[in-house]
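Coordinate inspection notes
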Amino acid sequence: MADSSSSSTTTSSWASMLTGKSDAEIEELLDRMLTRLALCDDSKLQDLLTKLLPLSIASLSSSAPLVRNKVLEILSHVNKRVKHQHDIGLPLSDLWQLYRESNASSMVRNFCIMYVEMAVERARKEDKENMAPSFLANISKLPIQHQDILLRVITKVIGECHSAQVSDEVAAMYRRFGGLPDHKIFLEFCLHMVLYQPTSQSACPAGLSITQCDRVTGKRQLTSDYLRNVKLGILNVVQAMELPTELVYPLYVSASADCQESIVKRGEELLKKNASVVNLEDANLVSKLFVLFNGTAGTDQIPPESRVSPGNPSLRAKLVSIFCRSITAANSFPLTLQCIFGCIYGSNTTSRLKQLGMEFTVWVFKHGAMDQLRLMGPVILTGILKSLDGYSASESDTIARETKSFAFQAIGLLAKRMPQLFREKVDVARRLFDALQSEAQFLRLTIQEATNSLAFAYKDAPQHVLNDLESLLLRSSQVEESEVRFCAIRWATLLFDMQHCPSRFICMLGAADPKLDIREIALEGLFPDEDQRKAVSKSLDLKYPKLSDMLDYIIQQQPAVLDSASVGGPKLHFPSKAYVAMIKFLLRCFDADMKQNNLVEGADFSVAVERLCLLLEHAMAHEGSVDLHANASKALISIGSHIPQVMASRYVDKITWMRQFLGHIDFDTRESISRLIGIASCSLSLHSLSDLITELISTIGAAPKLRFEMQHGVLCTLGYVTANCMSRAVSVSFLSFGISPKCIQVLLLNFPVI
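These figures come from a predicted structure and were not determined experimentally.

The next point concerns the overall build of the protein chain. Summing up its helical and strand segments, the protein chain has 38 helices and 0 strands in all. Classification of the 754 residues of the protein chain by burial places 52% in the buried group. Taking all contacts inside the protein chain whose residues are at least 6 apart in sequence as the whole, residues at least 24 apart take part in 73%. Summed over its atoms, the accessible surface of the protein chain is roughly 34,300 Å², and 52% of this surface lies on carbon and sulfur atoms.

This is the structure:
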């Protein structure tokens, strides 16, 4: 092919040849040119066109119809001659220079651009490489139609010449020609070209509008091979131009989501190179990426042909992963909201997109500014809860499981940031507790963390909400799943103070849990001053509920506590460890009431003491543990030390029941029961007291046949009974009960403290 740019004639000579000539003279000149063209052989046509074509087009600057008609006649003849002879070159350089003339008319430029496009197709590879970069010069100032033609020409040359590599000389030319506005237009066109995918449908490809699609293709069908070469060439040239990373980043991301493997590989390679330098907090970059994800199809103000459709699922997945590293993306309302809902509910969404959408939601709730969260939070929360309804508890798909995991994390984060969204209703709390119970094991730790975070949202909640939470926590504290029980106890200790009876009852039940961590937080909720793992002040001012209130709630939950007929039965009303914690806490309530004289003097206190004693008596059931019996019997003595007369009158008729514990295997239990019998003996008549002492002495008389524990228990009892006899207002002689001096000596030797 001949060199189409080797012409000694310059554009200024074309203008000078026409300067000063009348329209008639120009027409005559054109007529001679037409005759010469008609007589020229094809072998010499290229040389003739080098002079004839620019001069003919330059003649269009004349407004005379005869001149213009003659030019059109010449151009028509040229078109027919060269149409099927691609080896005939056109004067590309002269045509381009003519186009760039500042005084060129619009008609001249229109024909120039048309023949420039034709000339590029016929030019040699070297000429194309050298000319294409110059087309970028001041392209931003050209009409849109001319921009599109030149950009298509440039990208075509790039595909033909640079799909494998770009030489340093050509790279320097691309960097040299055009300013930043020109480069931005070039990059935008390249982005649209990379986004374009062949489609058999009438709809435009994902990520483009109809206008953008037509601009890229020129309304022609582009083959896959052509697109592959052009896209690879674009990536190579753009990299060689060394433009700011924020400008080229959308292009690389789009390439990494292409349908052709070679383009994906090259795009990912460039992404990795720029990952460390790209500024994902650049507002313009984030805005462009959101347009790639969301499109503009839902905007009514934009004409239908200009509405950009969302990117393909692969591209959108990559974009969401990028958003999850950008705080600016988290604060780009309403684009952020559109992105999240596009992931979760979009018509073309995928399981992977749903997962990433939930991950982005977590990121937004973590890094979103509060003014943004106020706008997005309620809407996103509704969307999350709705999406969770679409999954079954047995969902086995890995992506679905991760999606649910991010959904629960998002709820926990939002609860920390915007607690006001939750505290008016108990719905979300109930939902999370149910999820802890029904979801698969691998999800429960995530749900547990979210549930514990949600607890803080219900601080200072309305009373009706707290009432609903009480029943929820009580029910949850007794289910089989340990994660549910843990959260129930944690909520009880976080939301309510020490004077709140329902929450303390939940802690009492938790004290018997088989899980150590649950037992620990339950005991911490009951006895925070005993937690040795934390630096708790010894002077901590703890306020306990009234004894009567606490007992009323316990009895409400277990009415059998009031059944005195079942005392001494084999079964416990509560687990032994729960009973122990309950007794210790009730004693603290008792001591707190004793310090307030106005409470002790009331009738409610007397009833409370009666009920407390009944509860302690039930704790002495055969099923109870040794520790429980020891604590229950000690508690009875502790009460008796404050109100001995009340205890004496109550247990004077229960001495026979108490004597069954004198042979208990636990030392403290035997000791406490002995003391309690001693207290009760103060209310016995002398005759009954004599009978009791006689029975005890006769029991000691059979000492060789007794176990050691029984001997100890009987001797203790005899000691406390006799000690109480001595403390009576009317002194009672030991001899009147048949106690010999030798027996007294034995008692004194064994129990010197009496």
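Moving on, there is more to tell.
Another point: the packing of aromatic side chains. Scanning the model with the defined rule gives 15 aromatic pairs in all. Relative to Trp 491, the ring of Phe 433 lies with its centre 5.2 Å away and its plane at 70 degrees, an arrangement referred to as edge-to-face. With Phe 433 in helix H22 (residues 427-438) and Trp 491 in helix H25 (residues 482-495), the pair connects residues that are 58 residues apart, well separated along the chain. We note that Phe 433, like Trp 491, is buried. Relative to Tyr 579, the ring of Phe 574 has its centre 5.5 Å away and its plane inclined at 85 degrees; by these criteria the two rings are edge-to-face. With a relative accessible area of 0%, Tyr 579 lands in the buried category. Every member of this aromatic cluster is reached through a ring pair, and the members are Phe 290, Phe 293, Phe 323 and Phe 360.

Here helix H28 (residues 547-557) crosses helix H31 (residues 603-619) at 45 degrees, and the two axes come no closer than 9 Å. The angle between H28 and H31 places the two elements in the oblique class. Crossing handedness for the pair H28 and H31: left-handed. Residues Leu 547, Ser 548, Leu 551, Asp 552, Ile 554 and Ile 555 of H28 form the contact with H31, whose participating residues are Asp 604, Phe 605, Ala 608, Arg 611, Leu 612 and Leu 615.

Turning to the pattern of salt bridges, a few remarks are in order. By the definition in use, this model includes 26 salt bridges. Residue Glu 73 is joined to Lys 70 by a salt bridge in which the shortest nitrogen-to-oxygen separation is 3.7 Å. Residue Glu 73 and its partner Lys 70 are located together in helix H4 (residues 65-82), separated by 3 residues, close to a single helical turn. Put simply, Glu 709 and Arg 707 hold a salt bridge, and the shortest N to O gap is 2.7 Å. Here Arg 707 falls in the partly exposed class, since its relative accessible area comes to 45%. Shared partners join several salt bridges into a network, and the residues in it are Glu 610, Glu 617, Arg 650 and Lys 654.

This part is about the environment of Thr 217. If you trace the backbone, Thr 217 turns up in helix H11 (residues 210-217). Note on Thr 217: relative accessible area 4%, which makes it buried. In this structure, the C-alpha to C-alpha distance between Thr 217 and Asp 148, residues 69 residues apart in sequence, is 9.6 Å. For Thr 217, the residues in contact, after removing those within four places along its chain, are Arg 152, Tyr 196 and Leu 222.

The next point concerns the side chain of His 664. Position of His 664 among the secondary structure elements: in the loop between helix H34 (655-659) and helix H35 (667-681). Side chain to side chain, His 664 and His 629 meet in a polar contact 2.8 Å long. There is a polar contact of 3.0 Å between the side chain of His 664 and the backbone nitrogen of Asp 666.

Our focus in this paragraph is the environment of Glu 481. With respect to the element layout, Glu 481 can be found in the loop between helix H24 (463-476) and H25. Residues Glu 481 and Arg 444, 37 residues apart in the sequence, show an inter-C-alpha distance of 9.8 Å. For Glu 481, the residues in contact, after removing those within four places along its chain, are Leu 436, Gln 437 and Arg 444.

The topology assignment puts His 629 in helix H32 (residues 626-642). His 629 gets classed as buried once you look at its relative accessible area, which sits at 5%. Among all residues touching His 629, those that are not within four sequence positions of it are Ala 619, Met 620, Ala 621, Gly 624, His 664 and Thr 669.

Helix H6 (residues 106-122) packs onto helix H5 (residues 92-100) with a crossing angle of 155 degrees between their chain directions and a minimal axis gap of 9 Å. Taken together, the axis directions place H5 and H6 in an arrangement best described as roughly antiparallel. In this structure, the crossing between H5 and H6 has a hand that is left-handed. From H5, Leu 92, Leu 95, Trp 96, Leu 98, Tyr 99 and Arg 100 reach across to H6, where they touch Val 108, Arg 109, Cys 112, Ile 113, Tyr 115, Val 116, Ala 119 and Val 120. Within the contact of H5 with H6, the residues separate by chemical class into 12 nonpolar, no polar and 2 charged.

Every buried residue of H11 is listed here: Gln 212, Cys 213, Arg 215, Val 216 and Thr 217. The elements touched by buried residues of H11 are helix H8 (144-161) and helix H10 (180-195). Just past H11, the residue Gly 218 takes up positive phi, approximately 65 degrees.

Right, let's get into unusual backbone geometry. Here the amide bond leading from Phe 333 into Pro 334 is cis, since omega sits at 5 degrees, within 30 degrees of zero. Within the secondary structure, Pro 334 sits in the loop between helix H17 (327-330) and helix H18 (335-345). Although it is not a glycine, Asn 138 adopts a positive phi angle of roughly 55 degrees. Relative to the elements of secondary structure, Asn 138 occurs in the loop between helix H7 (125-131) and H8. The phi angle at Glu 242 is positive, at roughly 55 degrees, despite the residue not being glycine. Relative to the helices and strands, Glu 242 is located in the loop between helix H12 (224-241) and helix H13 (245-255). For Glu 242, a relative accessible area of 61% puts it in the exposed group.

Let's shift gears to H13. Taken across its 11 residues, H13 has 11 buried, putting it largely inside the fold. When we look at burial in H13, the residues that qualify are Thr 245, Glu 246, Leu 247, Val 248, Tyr 249, Pro 250, Leu 251, Tyr 252, Val 253, Ser 254 and Ala 255.

A few words now on the nonpolar core. Within the largest apolar cluster, 249 residues are counted, with the highest numbers of intra-cluster contacts made by Tyr 458 and Trp 491. The greatest single-element share of this core, amounting to 13 residues, is contributed by helix H29 (residues 576-594). Ignoring sequence-local partners within four residues, the contact set of Tyr 458 consists of Phe 422, Arg 423, Lys 425, Val 426, Val 428, Ala 429, Val 465, Leu 466, Leu 469, Trp 491 and Leu 495.

Rules behind the numbers
- Residues numbered from 1 in each chain as written.
- Predicted model: local features only at pLDDT ≥ 70, side-chain atom pairs only at ≥ 80, totals over all residues.
- Heavy atoms only, no water.
- Helix = DSSP H or I, 4+ residues; strand = E, 2+ residues; numbered from the N terminus.
- Buried < 20%, exposed > 50% of the residue type's maximum accessible area, 1.4 Å probe, protein only.
- Contact = heavy atoms within 4.5 Å.
- Areas by Shrake-Rupley, 256 points an atom, 1.4 Å probe, with all protein chains shown as cover.
- Phe/Tyr/Trp six-rings, centres within 6.5 Å; stacked < 30°, edge-to-face > 60°.
- Axes fitted to C-alpha atoms, helices over the stretch in contact; angles between N-to-C directions.
- Parallel < 35°, antiparallel > 145°, perpendicular 65-115°, else oblique.
- Left-handed = near helix turned anticlockwise from the far one by under 90°.
- Salt bridge = Lys/Arg side-chain N within 4 Å of Asp/Glu carboxyl O.
- Polar contact = N/O pair within 3.5 Å; in protein donor to acceptor, adjacent residues only side chain to side chain.
- Nonpolar A, V, L, I, M, F, W, Y, C, P; charged D, E, K, R; others polar.
- Core = buried A, V, L, I, M, F, W, Y, C linked by side-chain atoms within 4.5 Å.

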